[in-house]
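These are the residues of each chain, in order.
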Amino acid sequence: MRILEINHVQYAIKDRTLINIDQLSISENDRIGLVGPNGTGKSTLLELLATKRNPDSGSIKTYTQVELLPQLKRKDTTKSGGEVTQEYITNSLKSKAGLLLADEPTTNLDTKHIEWVEKKLSNWQGALIIVSHDRFFLDKLCTSIWELEDSKVNIYKGNYSDYREQKDLEIQQQQQAYEHYQQKKQQLENAIEKKEQRAQRATKKPKQVSRSEAKITGAKPYFAKKQKKLQKTAKALEKRLEHLDKVEKVNDSPPIKMTLPMQDKVTGKIIIRMEDVEGKVPEKRLWEPVSLYVKGGDKVAIIGENGTGKTTLVKKIINRNHKGITINPSVKIGYFSQNLSVLNANKSILENVQETSKQQESLIRTVLARLHFFDEDVYKPVHVLSGGEQVKVAFAKLFVSDINILILDEPTNFLDIEAVEALEGLLQGYVGTILFVSHDRHFINQVANRIVEIKDKQLHIFDGSYQAYQQVQSKTHEQEDSLEQQKLIIENKITEVLGKLSLNPSEELDQHFQELLKEKKIIMEQINNKM
C-alpha cells in the first residue's frame, strides 16, 4: 500500500534547482537509502517529505504520519553528541509514524552505538528513508537506494553494495559504448578523408583518357561532375558524424606512484615499537600495559568505543618521547586531525597543497583530481570552499607532504560517500605506513590490514582485514553463548538435584550433585578464559 506520493515536484534555492521529480511513491515497509554528494539536496528532500518545506510546484500526498529525525541536533545541552543522537532516535521511535525519515542517524556514535541504532531501525514497523554516509549501515538496513543527482532521483534495487555493483555495471556499459562510438567515429572520419582525396584527384585529367573520348564526353565537365558527387557523399558522411550520439570517456584512475622519503629504509621493518606502555589520563586508566609493534607498510586501524583511549594512543606515538615507545629515526610522521588551521584561507587549493610538498605539480593535480578538484578548481581560494571540501584539501596537503607515515584521526568525518571512496582509493595505493582511528566499518575493511581494538582496558591485536576480525569475533561470541547456555542447563540441574536431596537424601543423588558441581567449575573456567 502506498503511504506517500510525489507528483511533479520542483524546489529551487535562488537560481539553482535542487529537486525536480516527476513521480515517486513510497510503500509501507520500504527501506530506502538516500545517497548523493554533499549539497545535492538530500536533507532538503527529507524536509519536503516531512512538510517542513513547501515545494515551488507539484504536490506531495501523505497517507500516514511522517516523523523526521533531523541532522542538526540541539546544542543547548550538557550531554555528549552521541547521547543527544541516541535521545533523538529513542524519542522518534516512540512515535506511531508510518514513515521515519532519518538524516545521518549515526552522527557522533561509536561502532557499539551504531549497531544499537541498526537493531532499533531493523525492528521499526513502518517505512524508512535514511540519509547516511555509513555504507555498512545502509547495507544492513536498506532494500533500495535512491540516488539524488542533478536534481533527479534514480532508483536502484537492493542495498548499498548492490547499488555500487549496478553503478559499476553502468560504468562498464558506458566504456563499451564509448569504445563503439570511437570506432564508428574513426570509420566515418576515414571514409570522409578518402572521399575528399578522391574528389581532389577527380579534377585532374587521367592519362588513360584518349583524345577521341575527351572530344565525345568533354573531360572537364565529366570529372567536375564526378568530383561533385564525391563531395556530396563526403558531406553526407559528415552529417552522419555530426548526428552520431556522443559518449563521454569513463574516467580511469590508475594507482598513484609516489616516491616517499626514506622508504627503502623502513618498508617491512619494525618502525614503531611499544613495550609495556599503559594508557593513563588524570584519574583514569584507559588500558593496561601493552606491547605492540608496527612495520613499514602496515595499515593499522585503531578501533573501540568512545572514551577508550584511541586518540590517547595515537598522541603517545606522535609525541615520540613517551617511555616505552621507540620510533625508527627514518620515520617522518604526518598527523591529520581535521585541523583546518594548516590551511591559508586566502591562498588557492593548489598553493596550499604545494607548500609542504616535494612532489611534482602533475602528481599533486592528480591527487586533487581524485578528490574531485578538477582543472580550474585548483585555483579557487580556500575560503570559498565548504567545510567538507576544506577537509579534503587539508588531507591532500598532508598526503603529498614529505612524510612516510600517515596518522589519521577520524578522517571520514564530514565527507560524503563519494569523497570517502576517493580517500579509500588514495590510501589503498599509498606505499607508506598508515595508522588511523575510525568508526566507519566499510572504510576500515577497505584500508586496514591490521586491527587494534581497545576493549575492556586491553589492546587486542589482529593481523588481517576488519571482515576477518569480525568473523573471529563472531565465532568467539557464539562459543561464549554456547558456554552460557551450558552453564544455565547445569545450574538448573543442580537446583533440581538440591530439591531432591532436601526431600529424600541418598548417596547416589549426592554423587550426582558433586559431578554437576565439577561440570559447572569446568564451564566457569572456560568462560573466564574467554574473558
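Details of the structure are given in the entry above.
Note that this is a predicted model, so its numbers are computed, not measured. All residue numbers refer to positions counted from 1 along the written sequence of the respective chain. Given that this is a predicted model, residues contribute local features only at a pLDDT of at least 70 and side-chain atom pairs are listed and counted only at 80 or more, while totals for whole chains, interfaces and linings are drawn from all residues. In computing side-chain properties, one takes all heavy atoms of the structure into account and sets aside hydrogens as well as water.

Draft legend 1. Layout of the overall build of the protein chain. Per the convention used, a helix needs a DSSP run of H or I reaching at least four residues, while a strand needs a run of E reaching at least two, with both numbered from the N terminus. Counting its regular elements, the protein chain contains 16 helices and 18 strands. Scaling as 2.2 N^0.38, a compact globule of 531 residues should have a C-alpha radius of gyration of about 24 Å, whereas the protein chain reaches 33 Å, well beyond that. Dimensions of the protein chain, computed from the C-alpha atoms along their principal axes, are close to 140 × 65 × 55 Å. Across the 531 residues of the protein chain, 42% fall into the buried class. Considering only intrachain contacts with a sequence separation of at least 6, the fraction spanning at least 24 residues in the protein chain is 68%. Using the Shrake-Rupley algorithm and a 1.4 Å probe, accessible areas are obtained, with residue cover drawn only from the displayed protein chains. For the protein chain, the computed accessible surface area is about 30200 Å², with 47% contributed by carbon and sulfur atoms. Within the protein chain, one finds 79 positive and 73 negative side-chain charges whose respective centroids are separated by 11 Å. For a compact globule the rule gives 2.2 Å times the number of residues to the power 0.38, and the radius of gyration it is set against comes from C-alpha atoms. Relative accessibility under 20% of the residue-type maximum defines a buried residue, over 50% an exposed one, and the middle range a partly exposed one, all with a 1.4 Å probe and only protein chains included. The contact definition used throughout considers only heavy atoms, calling two residues in contact when any of these lie within 4.5 Å. Residues scored as charged are limited to Lys and Arg (positive) and Asp and Glu (negative), so that His and the chain ends carry no count. Charge placement uses NZ in Lys and CZ in Arg. For Asp and Glu, CG and CD serve respectively.

Draft legend 2. Looking closely at the sheet that holds strand β2 (residues 16–27). A sheet is described by the order of its strands in space; here three strands give the open sequence β2-β1-β4, paired in antiparallel fashion. Looking at strand neighbours, the two that pair on one side only are β2 and β4 (57–62), the edges of this open sheet. Averaged over all pairs of adjacent strands, the angle between their axes in this sheet comes to 15°, without regard to strand direction. Two strands pair when backbone bridges link them, and strand β1 (residues 2–13) and β2 are joined in this way by ten bridges, in the antiparallel orientation. By the bridge assignment, V9 is partnered in β2 with I21. Whenever a helix is involved, its axis is fitted only over the stretch in contact; in every case the axis is a line through C-alpha atoms, and angles between N-to-C directions fall within 0 to 180 degrees. Against the sheet, helix α1 (residues 42–49) contacts β1, β2 and β4, and its axis sits at roughly 55° relative to β2. One bridge is not enough; two strands pair if DSSP finds at least two bridges between them.

Draft legend 3. Inspection of the environment of Y293 at higher detail. Checked against the element boundaries, Y293 lands in strand β11 (residues 284–295). Residue classification places Y293 among the partly exposed positions, given a relative accessible area of 32%. Distance in space between the C-alpha atoms of Y293 and I461 is 10.0 Å, their sequence separation being 168 residues. Discounting residues that sit within four places of it in the chain, Y293 has contacts with I270, I272, R273 and R450.

Draft legend 4. Inspection of the nonpolar core at higher detail. Ranked by internal contacts, the top residues of the largest apolar core, which has 48 residues, are F399 and L427. The dominant element in this core, judged by the number of residues it contributes, is helix α12 (residues 387–399), at seven residues. When sequence neighbours within four positions are dropped, the list of residues in contact with F399 reads M258, V367, L406, L426, L427 and Y430. Here, the term nonpolar core denotes a set of buried Ala, Val, Leu, Ile, Met, Phe, Trp, Tyr and Cys residues that are joined through side-chain atoms within 4.5 Å. In this structure, I26, L46, L49 and A50 belong to the second largest nonpolar core, which totals 26 residues.

From the geometry alone we can't say anything about function, so treat these as descriptive.
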